[in-house]
Amino acid sequence: MTKTFALFATVALSALVAGMAQAEDIKIKLSTLVDKTAPARVTNIEAAAAIINDQFKAAGIDKHIVVETNVSAAKGWDDLALEDMKAFSVGQGPDIYVLPHEWIGKFAEDGNALPMDSKIAANPWAYADILPVLWTAAKAKDGKIYGIPQDAEIRMFFYNKDMLRKIGKDEAFIESLPAKVEAGEFTLDDLTALSKQVVDGKAAQYGMLHRPNVGIDYLMVFQSYGVKFMDDKTGKLMFPKAEMLKALGWYERNARQGVTPADNTAMSWDAIQGAFKQEKAFIFHQGVWAVAWQLGDKNGATWPTDKDGYFHKIGWIPAPAAEKGGKPANLSHPLLYTVNAKSKNADLAADLVALATLPYFNTEHDVASYHTAISNAQTAMPKYKENWVLSAASPMMAHAQFVPNHTQFGSYNKVLFSGLQAVETGKMTAAQAVDFIADELGLQFGADVEIREAVSN
Amino acid sequence: MATPNLRTHRPARPVLYLLPAIGLLTVFFLGPIIVNGVIAFTDMGENLRIGKFTLLNFERIVQRDARIPTVLLTTLIYVGATLFFFNVGLGALLAITTTAIPERLGSFFRGLWLLPRMSPAVLYGILWIWIADPTPTGLLAQVTSAFGLPVLNLRNDFPLFLIILANGIVGASFAMVILTSAVRSIPSHLSNAARVDGASEWGVLRHVVAPALSQPIRFITLYQALSLMTTYEYILLITGGGPVYDSTPYALYIYRRAFENGAYAYGAALALGLMVIGIVVTLLQWRLTDMRSTFAAPKIEVL
């Protein structure tokens with residue numbers, strides 16, 4: 001009797017314990033930059049985890065993915081890349097991290113980015129339709145792909161049409177501006193002159209504003225002036241002095257003529273975006289995703305949210321050509337979902353990325369944050385097509401270029417930015433800044449950066 | 001009689017009592033110095049890996065870094081001006097004036113000057129950014145426009161002046177507190193006697209108060225010079241060391257090289273340089289201001 005009872009009790013207890021047992025938690029750490037206009041970089045991975053969790057449950061597998069997100073408050077993507085590198089060096093790297101594409105080489109070289117070629121080949125349902133140009137941006141020097149592109153986008157100059165009306169420009173002039181830029185008739189210097197007219201006509205306090213910190217937008221102007229950052233043949237970074245002088249000279253003239261404030265680089269993002277939104281600035285150069293705060297009532301002013309209302313007020317142009325007959329320049333700067341090669345859950349993390357890359361999820365991200373599609377399929381999706389911002393931005397991709405995927409480009413760009421700051425603040429002339437940048441690059445990179453007189457020698 | 005007994009009861013293991021202090025010093029002072037010293041001789045970059053041991057960082061400091069002379073000059077101006085005008089000058093002025101006015105009022109003013117010291121550095125930094133903001137919302141811009149003066153852009157045009165001012169105002173309180181107690185400790189009969197002998201107020205200040213302050217001022221100068229040379233948080237918050245490197249003293253230069261660019265080994269080598277500069281400056285001041293006498297045993301307090 002006692003024996004039977006003991007057996008019964010044991011069986012009952014075991015069943016109870018098994019029923020109560022917690023599923024095994026698999027933690028996936030995700031690292032990205034704080035960005036209130038693009039929450040889907042995180043929520044898409046969470047949604048992908050939810051799908052797999054449901055499948056685990058349906059299949060009776062006792063596992064549960066928990067996505068732990070670290071939303072960094074670093075100053076920009078470059079600083080986040082440095083933060084992630086520090087985390088990796090002490091074995092605390094995230095499983096999935098969002099990375100600006102030009103950093104991929106460095107992370108691949110250090111063995112912290114999982115090569116994705118075999119995953120891409122094995123999962124055509126997720127990857128077969130991705131725009132080929134984006135794969136190019138995700139390749140390291142060895143030709144292998146190390147990240148999955150997200151956040152396709154296009155950079156541009158936004159201009160305020162109401163201000164042109166205020167200084168007496170007719171509708172024909174205002175509406176023909178993009179076409180003239182496209183044809184190379186309207187140059188960067190023309191843009192400066194126009195901005196000066198707007199400022200002199202008291203239609204705006206500032207002529208042109210740009211980002212206050214290191215980034216990509218201002219590089220469009222450098223490209224218009226024919227600057228090349230990398231020698232395609234040798235794969236080495238280069239610093240062509242003649243073209244750099246011209247590009248920095250443009251920023252210098254803007255600052256001296258009062259078109260750009262001398263302390264643009266010391267202004268806060270809020271002050272800059274607020275100035276454009278509150279119609280104190282004629283031009284702002286950034287990316288299409290800036291439309292996220294331009295529409296509606298953010299940043300201290302209310303702007304129309306419909307296509308006609310918005311384009312009646314604001315126009316878009318690429319960076320105009322440097323000289324008449326030249327070509328305008330545009331930049332795209334995709335971010336990548338990168339998987340930690342050393343993660344013990346690397347395969348699972350890669351699966352999450354594959355799901356989050358599906359047209360449905362990327363479109364969710366695109367329409368909320370105004371990024372362009374990463375796959376052809378997305379452009380046919382009703383939700384994407386209905387988004388007039390994205391439809392209008394797509395044609396601008398025609399000129400899109402990328403910054404070089406070089407391990408040192410992030411640091412190179414920081415030096416370039418300090419030269420730009422020196423010129424704008426009046427601390428140096430463009431010629432002095434060119435020497436300053438060349439000297440700094442030599443100091444930091446030695447022979448890894450080729451200082452040249454011009455691109456073509 | 002009892003002396004021999006007492007001797008046998010002296011603490012047997014002084015090292016044991018010193019152990020916590022020695023431990024802390026080793027972990028938090030000696031350890032980092034050694035680690036820094038090793039890193040300085042490597043090529044550690046943004047991924048924190050050591051590829052090889054090298055002397056290149058030092059060659060770069062001495063021969064190639066064209067920023068170093070400017071940074072050293074900036075440091076000299078920043079430390080010298082802050083120390084002379086504010087950390088000692090303003091501190092002494094505050095101590096003398098707040099002890100000359102009625103007690104309660106004096107305490108109130110000293111309390112006011114301690115406020116920035118008590119507020120968080122970030123808050124203090126943001127306040128200065130607001131003060132210097134050249135747009136119509138900035139405090140200084142509002143004042144200058146009320147008087148019809150042109151708007152000054154301190155952060156862009158006079159960044160060094162701005163950081164000296166911001167650091168000086170927060171730094172004056174240290175000297176103020178120490179010198180107040182020094183002024184208070186002057187026996188009142190000395191100044192009374194001087195006045196009876198016909199000394200003017202200036203004469204009292206010059207011949208009674210000033211001599212009593214000279215020794216604490218020597219200490220404050222030494223201590224604050226070191227502290228100014230090695231701290232940069234307000235500068236980083238207010239100007240970021242910019243425009244370009246215009247308001248970047250040596251300590252901030254180390255930080256910017258190491259953490260803005262991920263050149264950790266170069267930063268470590270620069271930090272070794274700061275240690276050397278700190279030691280040299282301290283020894284020079286020790287000798288020039290005769291610190292030995294400040295720390296000597298008092299001559300009159302015979303027990």
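Since this is a predicted model, take the numbers as computed values, not measurements.

1. Some words on the sheet that holds strand 6 (residues 206-209) of chain A
Residues and elements named next belong to chain A.
Part 1 of the argument: If you walk across this open sheet you meet the four strands as 6-8-5-9, and the pairing is mixed. Where the open sheet ends on each side, the last strands, each with one partner, are strand 6 and strand 9 (314-317). Here the average twist between neighbouring strands, direction ignored, is 20 degrees.
Part 2 of the argument: The strands that helix 13 (residues 269-277) touches are strand 6 and strand 8 (281-287); relative to strand 6, the one it contacts most, it runs at about 130 degrees.

2. Structural notes on the interface of chain A and chain B
You'll often see interface size given as the accessible area lost when the parts meet.
Part 1 of the argument: Facing the 18 residues of chain A at the interface are 20 residues of chain B.
Part 2 of the argument: For the side of chain A that touches chain B, the elements supplying multiple residues, two or more each, are helix 3 (77-89), helix 21 (409-424) and helix 22 (430-445) of chain A.
Part 3 of the argument: If you tally residues by element for the side of chain A that touches chain B, the top one is helix 21 of chain A, at five residues.
Part 4 of the argument: Partitioned by chemical class, the residues of the side of chain A that touches chain B number six nonpolar, six polar and six charged.

3. Some thoughts on the sheet that holds strand 4 (residues 148-150) of chain A
Residues and elements named next belong to chain A.
Part 1 of the argument: Taken in spatial order, the five strands make up an open sheet running 2-1-3-11-4, and their pairing is mixed. At either end of the open sheet lies a strand with only one pairing partner, and these are strand 2 (63-72) and strand 4. Pairwise comparison of adjacent strand axes, ignoring direction, gives a mean angle of 25 degrees for this sheet.
Part 2 of the argument: As paired elements, strand 1 (residues 24-33) and strand 2 share 10 bridges and run parallel to each other. Bridged to Lys 27 within strand 2 is Val 66.
Part 3 of the argument: Its contacts with the sheet place helix 3 against strand 1, strand 2 and strand 3 (96-100), and it is angled at close to 140 degrees to strand 3.

4. Structural notes on helix 21 of chain A
Residues and elements named next belong to chain A.
Part 1 of the argument: Taking 1.5 Å as the rise per residue, helix 21 with 16 residues should run 22 Å; its terminal C-alpha atoms sit 22 Å apart, in good agreement.
Part 2 of the argument: The buried fraction of helix 21 is high, at 15 of 16 residues.
Part 3 of the argument: Two residues or fewer after helix 21 comes Gly 426, characterised by a positive phi angle close to 85 degrees.

5. Thoughts on the domain arrangement of chain A
Residue and element names in this part refer to chain A.
Part 1 of the argument: When the domains of chain A are assigned, the result is domain 1 (23-152 + 334-386) and domain 2 (155-331 + 406-452).
Part 2 of the argument: The straight-line distance from the C-alpha centre of domain 1 to that of domain 2 is 30 Å.
Part 3 of the argument: Breaking the side of domain 1 that touches domain 2 down by element, the ones donating at least two residues are helix 3 and helix 4 (104-109).
Part 4 of the argument: Per element, the largest residue contribution to the side of domain 1 that touches domain 2 is three residues, and it comes from helix 4.

6. Structural notes on the packing of helix 11 (residues 201-230) of chain B against helix 14 (residues 264-288) of chain B
Residues and elements named next belong to chain B.
Part 1 of the argument: One can describe the packing of helix 11 onto helix 14 by two numbers: an axis separation of 10 Å at closest approach and a directional angle of 165 degrees. The angle between helix 11 and helix 14 falls in the class roughly antiparallel. As for how helix 11 packs across helix 14, the hand of that crossing is right-handed. Of helix 14, the residues touching helix 11 (which contributes Thr 221, Leu 222, Ala 225, Leu 226, Met 229 and Thr 230) are Leu 274, Gly 278, Val 281, Thr 282 and Gln 285.
Part 2 of the argument: Looking at the contact of helix 11 with helix 14, its residues break down into six nonpolar, five polar and no charged.

Rules behind the numbers
- All residue numbers here refer to positions counted from 1 along the written sequence of the relevant chain.
- Each chain takes a letter, starting from A, and each ligand takes a number, starting from 1, following the order in which they are written.
- Residue-level local features of this predicted model are given only where pLDDT is at least 70; pairs of side-chain atoms are given and counted only at 80 or more, and the full residue set underlies all totals for whole chains, interfaces and linings.
- When DSSP finds two or more bridges between two strands, those strands count as paired.
- Elements are defined by DSSP. Helices are runs of H or I of four residues or more, strands are runs of E of two residues or more, and each kind is numbered from the N terminus.
- Axis lines are fitted to C-alpha atoms, over the contacting stretch for helices. Their N-to-C directions set the angle, which ranges from 0 to 180 degrees.
- With C-beta atoms placed from the backbone, a contact is any residue pair whose C-beta atoms sit within 7 Å.
- Charged means Asp, Glu, Lys or Arg here, nonpolar means Ala, Val, Leu, Ile, Met, Phe, Trp, Tyr, Cys or Pro, and polar covers whatever is left, Gly included.
- The length a helix should cover is 1.5 Å for every residue beyond the first.
- Residues with at least 20 neighbouring C-beta atoms inside 10 Å of their own are called buried, those with 12 or fewer are called exposed, and the rest are partly exposed, where every C-beta is derived from the backbone.
- For each domain, the first and last residues come from an automatic or database assignment.
- Roughly parallel covers angles under 35 degrees, roughly antiparallel covers those over 145, roughly perpendicular covers 65 to 115, and oblique covers all other angles.
- Crossing handedness is read from the near helix: turned anticlockwise from the far helix by less than a right angle, it gives a left-handed crossing, and turned clockwise, a right-handed one.

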